[in-house]
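Coordinate inspection notes
As a plain string of letters, each chain reads:
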Amino acid sequence: MSTPMLTEKYSGAPTRLAKEAARARDYIVSNRTLPTSSPQTNGLRLPPDVSLETFETAIKELQNILGEANVEVNDKPLKDGWYLDHPNTHDTFHVIPQSSLVASAIIYPSTVPEVQSIVCWANKYLLPLYPISLGRNLGYGGAAPRVPGGVVVDLGRRMHSIFNIDAENASCVVEPGVTYFRLYEEIQARKLPLWIDTADLGGGSLLGNALDRGVGYTPYGDHFANHCGMEVVLPDGSLLRTGMGAMPGPEGKDNPTWQSFQHAYGPAVDGIFSQSNLGIVTKMGFHLMPALNENEHQSYVFTFPRDGDFEQIVDIIRPLAQKRILGNIPQIRHVIQELAVTGRGKETFHEGKRPMTDDEIHEAAKKTPLGDCSWVFYGCQYGSPESIKQQLEIVKDAFFKVEGSKFFLPENVPPGHYLHDRARVCSGVPVLRELDWVNWVPNGAHMGFSPIAPTLGPSARLIHDLIRAAHIKYGFDLFPTLCVAGREMHYITNIVFDRSDVAMKERAVAMMREMIATCAKHGFGEYRTHLLFMDQVARTYSWGDQALMRFNETIKDALDPNGILSPGRNGIWPKRWRGKGWELGTRREGERSV
Ligand code: ADP
């Protein structure tokens, strides 16, 4: 497994992280027992209802348009690689057999007209396309197409230009393959007074993460809310610009306010291209944050001793967040994460495979820099030094009401502690650290379960108890991280599993299905999910006898009558595919297996 650097590859890590990248890779390699490469169980997986002959004709035709090297048939063994390799053939964190959700071909356009030609080609041969930007959507399906044998359109490999970083408007326009690492390094190299907002891992793309409505941790952390203007190839091959980009600028130039005003005029259509299958986004604008000085942001941690403090913590956060005293969207993490994020395997702390008990977690936590506790709050304040001091006084006053709570600044913990990485992320510096906890088990991988709950103590307790009960029943350690805003919380729990352990993977899938159903009964719906669960989750949003689904299907059928674009993504199936058993986990008759 390689550690590509940004100097040699658009998707690599910056040189400043060379050592860390090598260390992360070595951990993963040493923790791996699976072969690095495995033949596909049934050879080449053709797109559904497409004969080999038609497929071969179609591939030759596209090779003539894009060049032979830019249309790859995926008949080779599959390699999971690791984060920096970012395989584009399947889900590198496969929770079902590796060969199940797999591409038939991967294609690499380099221009918008090429993307338009690909769409026309797919309409001609009725081939299901699956566009990705980087395909690093770890925990939610990676690069895998929702339909086995789908054709992956890897936009990032040849479309990764940064078109415009505007220091005055504090914005940028990027193509799909621009990662947080690249944009950050470019801004540093040009000494521009701007911050980016990065996801937990810096190798994701701005575009892919925002489209899947991912989050970051500066005041600009809502990635989709901070986008401004898109360019989209529609399923019929036509091209659309949203926002002010819909109005031509003077002398054939782009409109000068394209990256200034998101909504422009008429219905806000941008939203229908996020978490959907209605267009291929080829450019996207983003607002950037004016850079702050070193002494104008302050990361910190509070720890809380008892599990039962949870409700009180959440009730304290709510008014602080509503009044915007908290500077960003903070995280509450369970103390077990302090063990996992060291990157050392579970065996370091505990013998045997069963989940650690509370007593065992507390015993192990005693030896960590923050000491024994139950919950850890990671926050950051922004402003002038005097203002930060005042903000911290208010925040401390509030949290010290929890008996036994403690406060830490970065200088109070050793250099390798996670708080230093949080401090980087909260000041817009992309890192690689968040990967370390998959080493909890051999061949480690993870899948995210991410429901939304109100920011209220009783709701926090209820959702935590429901999820904890499921983890106990199915035998998994529970790793909750809550991103808490003033009115809602994202309860994100990463189910960590061993890719070589078939029984464990089956348990992980069964647990996901159960948690989705149980949480939905209480009104807690997932904000984003792994490919396998999209049908089930979409159908939990069932108010008005599936009114939302009918609306989505109506739009899908109007824009994509041949059903060629990401069929099934987010549970939305085009007419041609509906009711033919493709929906997974909805307990209907005749469900096809993947
Ligand atoms: P990342 O860049 O974080 O690795 P991905 O490229 O995996 O993210 O994108 C996440 C998901 O968003 C993909 O699975 C795909 O469904 C959708 N997506 C990504 N890029 C595009 C795009 N340019 N146009 C349309 N959908 C996209």
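Residues numbered from 1 in each chain as written. Predicted model: local features only at pLDDT ≥ 70, side-chain atom pairs only at ≥ 80, totals over all residues. Heavy atoms only, no water.

Within the protein, the secondary structure is distributed over 14 helices and 21 strands. What you see for the protein is a C-alpha radius of gyration of 23 Å, in line with the 25 Å of a compact globule of 594 residues. Summarising its shape, the C-alpha atoms of the protein cover approximately 70 × 60 × 50 Å along the three principal directions. Across the 594 residues in the protein, those meeting the buried criterion constitute 60%. By element, 54% of the accessible surface of the protein is carried by carbon and sulfur atoms, the whole surface being about 23,400 Å². Taking the 61 positively charged and 67 negatively charged side chains of the protein as two groups, their mean positions are separated by 2 Å. (Helix = DSSP H or I, 4+ residues; strand = E, 2+ residues; numbered from the N terminus. Rg over C-alpha atoms; globule rule 2.2 N^0.38 Å. Buried < 20%, exposed > 50% of the residue type's maximum accessible area, 1.4 Å probe, protein only. Areas by Shrake-Rupley, 256 points an atom, 1.4 Å probe, with all protein chains shown as cover. Lys, Arg positive; Asp, Glu negative; His and termini not counted. Charge placed at Lys NZ, Arg CZ, Asp CG, Glu CD.)

What follows deals with the pattern of salt bridges. Pairing between side chains becomes possible if they bear opposite charge and their charged atoms approach one another. Evaluated as defined, the whole model comprises 39 salt bridges. In this structure, D436 and R433 form a salt bridge, with 3.2 Å as the shortest nitrogen-oxygen distance. Note that K473 and E514 form a salt bridge whose closest N and O atoms lie 2.7 Å from each other. One end of the pair, K473, is in helix α11 (residues 457-474); the other, E514, is in helix α12 (residues 502-521), and 41 residues separate them in sequence. On the basis of relative accessibility, which here comes to 55%, the residue K473 falls in the exposed class. A relative accessible area of 26% means that E514 is categorised as partly exposed. (Salt bridge = Lys/Arg side-chain N within 4 Å of Asp/Glu carboxyl O.)

The next point concerns the packing of aromatic side chains. For the structure shown, the criterion picks out 18 aromatic pairs. Taken together, a centroid distance of 6.1 Å and an interplanar angle of 70 degrees make the contact between W195 and Y382 edge-to-face. Highlighted residues: W195 in strand β9 (residues 194-195) and Y382 in strand β16 (residues 375-382), separated in sequence by 187 residues. Exposure class is identical for W195 and Y382. Each is buried. (Phe/Tyr/Trp six-rings, centres within 6.5 Å; stacked < 30°, edge-to-face > 60°.)

Before going further, it helps to spend a moment on helix α1 (residues 18-30). The terminal C-alpha atoms of α1 lie 18 Å apart, and with 13 residues this matches the ideal 18 Å at 1.5 Å per residue to within 8%. Listing the buried residues of α1 in full gives E20, A21, A24, R25 and I28. What you see down the axis of α1 is that its buried residues fit within an arc of 135 degrees, all on one side. Looking at α1, the residues exposed on the side facing more than 90 degrees away from the buried face are K19 and S30. (Expected span 1.5 Å × (residues − 1). Arc of directions from axis to C-beta.)

Right, let's get into the environment of A21. Mapped onto the fold, A21 is located in helix α1. Distance in space between the C-alpha atoms of A21 and M5 is 9.1 Å, their sequence separation being 16 residues. Residues contacting A21, with those up to four places away along its chain left out, are T3, M5, A13, W82, L84 and L432. (Contact = heavy atoms within 4.5 Å.)

Moving on: empty space enclosed by the protein. Applying the stated criterion to the full structure yields six cavities of 30 Å³ or more. A volume near 200 Å³ is recorded for the second largest cavity. In terms of residue class, the lining of the second largest cavity is built from nine nonpolar, ten polar and three charged. (1 Å grid on protein atoms, 1.4 Å probe; cavity = no way out; pocket = protein on both sides within 12 Å on 5 of 7 lines; lining within 4 Å. Points joined across faces, edges and corners; volume = space filled by probe spheres on them. Nonpolar A, V, L, I, M, F, W, Y, C, P; charged D, E, K, R; others polar.)

This paragraph deals with the packing of helix α6 (residues 310-322) against helix α9 (residues 385-399). Running from N to C, α6 and α9 cross one another at 150 degrees; their axes reach a closest spacing of 10 Å. In terms of orientation, α6 and α9 fall into the roughly antiparallel class. Relative to α9, the crossing made by α6 is right-handed. Side by side, α6 and α9 meet where I313, I316, I317 and L320 of the first sit next to I394, A398 and F399 of the second. Considering only residue class, the contact of α6 with α9 consists of seven nonpolar, no polar and no charged. (Axes fitted to C-alpha atoms, helices over the stretch in contact; angles between N-to-C directions. Parallel < 35°, antiparallel > 145°, perpendicular 65-115°, else oblique. Left-handed = near helix turned anticlockwise from the far one by under 90°.)

Counting 106 residues, the largest nonpolar core has Y300, I317, I332, F377, F399 and W440 as the members making the most contacts within it. At eight residues, α12 tops the list of elements feeding residues into this core. Counting residues in hydrophobic clusters, the runner-up holds 29 residues, among them I165, Y180, L183 and I187. (Core = buried A, V, L, I, M, F, W, Y, C linked by side-chain atoms within 4.5 Å.)

Checked against the element boundaries, V484 lands in strand β20 (residues 480-484). V484 sits 220 residues away from A264 along the chain, and the two C-alpha atoms are 30 Å apart. When neighbours within four sequence positions are excluded, V484 is seen to be in contact with I317, I329, P330, I332, T455 and M489.

What follows covers the site of the ligand. Around the ligand, a shell composed of 19 residues is seen, among which S133, R136, S205, V281 and R569 lie nearest. Isolated, the ligand exposes 550 Å² of accessible area, and the fraction of that covered by the protein chains is 95%. Its residues assigned to classes, the shell around the ligand shows nine nonpolar, eight polar and two charged. (Near = heavy atom within 4 Å.)

Segmenting the protein into domains produces domain 1 (15-154), domain 2 (293-426) and domain 3 (445-530). Each of domain 2 and domain 3 has a C-alpha centre, and these two points are 20 Å apart. At the junction of the two partners, domain 2 supplies 25 residues and domain 3 supplies 23 residues. Summed over both partners, the interface of domain 2 with domain 3 comes to about 2,000 Å²; 58% of that surface belongs to carbon and sulfur atoms. The shortest N-O distance in the salt bridge between K346 and D477 comes to 2.7 Å. When residues of the side of domain 2 that touches domain 3 are traced back to their parent elements, those giving at least two are α6, β15 (331-334) and α7 (336-340). (Domains from an automatic or database assignment. Buried area = accessible area lost by both parts, 1.4 Å probe.)

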